[in-house]
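# Breakdown of the fold
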Amino acid sequence: MRPIIILTIVGLLSASLLAVVDDLTREPIAEAKKQMERKAIAQIFPFTIGELKTVETEKTTFFEASDEAGELKGIAVKTHTNLGYSGLIEILLGVAPENHKILDYKVTYHIETPGLGDKIDKDKYKSQYRGRTLEDTNWNVRKDGGEIDELTAATISSRAVNDAVVRGLEFIKEQYPKQTEE
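Residues numbered from 1 in each chain as written. Predicted model: local features only at pLDDT ≥ 70, side-chain atom pairs only at ≥ 80, totals over all residues. Heavy atoms only, no water.

### Quick word on the sheet that holds strand β4 (residues 87-95)
Reading across the sheet, the five strands line up as β1-β2-β3-β4-β5 and stay open at both edges, with antiparallel pairing between neighbours. Pairing within the sheet leaves two strands with one partner each, and these edge strands are β1 (51-56) and β5 (102-109). Averaged over all adjacent pairs, the angle separating strand axes in this sheet is 25 degrees, with direction ignored. In the sheet, strand β2 (residues 61-66) pairs with strand β3 (residues 72-84) via five bridges, with the strands oriented antiparallel. When the bridges of β3 are listed, Ala65 appears paired with Gly74. Relative to the sheet, helix α1 (residues 2-44) contacts β1, β2, β3, β4 and β5, its axis offset from that of β5 by approximately 150 degrees. (Pairing = 2+ DSSP bridges. Helix = DSSP H or I, 4+ residues; strand = E, 2+ residues; numbered from the N terminus. Axes fitted to C-alpha atoms, helices over the stretch in contact; angles between N-to-C directions. Contact = heavy atoms within 4.5 Å.)

Quick look at the structure:
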């Protein structure tokens, strides 16, 4: 009977300690994540961000980036896919507000194979997406008859990025419909 009481007390103390640590670290972790997100957004836009407005919807989060003069210069969207070789891939996709041409993207989370699938975040691969829109591109990889070069030995990762990019472009088209008219 005594070991059961001791184990119960140890379990209660451990659970209490974990709860306290969780409370103490929740805000700093959220703040660090926000700072990392802000840094990633700054990397996808070719201009200095003066103001960044966050717009949250049921489906995703958008970031409206204005230059130092207050003019809207870019829209970023959080997007993802579960089609990666190792599952979830999350990206921030940045587009020009006037025509929704892709400016760049930044992978914010993945567990793709090092040395193969993780090249989805390298500039050599990402550069082929710049300047493309939802309507002017066949979003399949070349192996599937499309226009996007797949990574050697990482076709699944390449297809997954295409899926995330298309999803992001569709989110933007839905949220900012007037800006797609040319």
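### Quick word on unusual backbone geometry
Backbone geometry at His100 places phi at a positive 60 degrees, although glycine is not the residue there. Structurally, His100 is set in the loop between β4 and β5. Judged by its relative accessible area of 6%, His100 is buried. Located in the positive-phi region is Ala153, a residue other than glycine, with phi close to 65 degrees. The topology assignment puts Ala153 in the loop between α2 (123-126) and α3 (155-175). (Buried < 20%, exposed > 50% of the residue type's maximum accessible area, 1.4 Å probe, protein only.)

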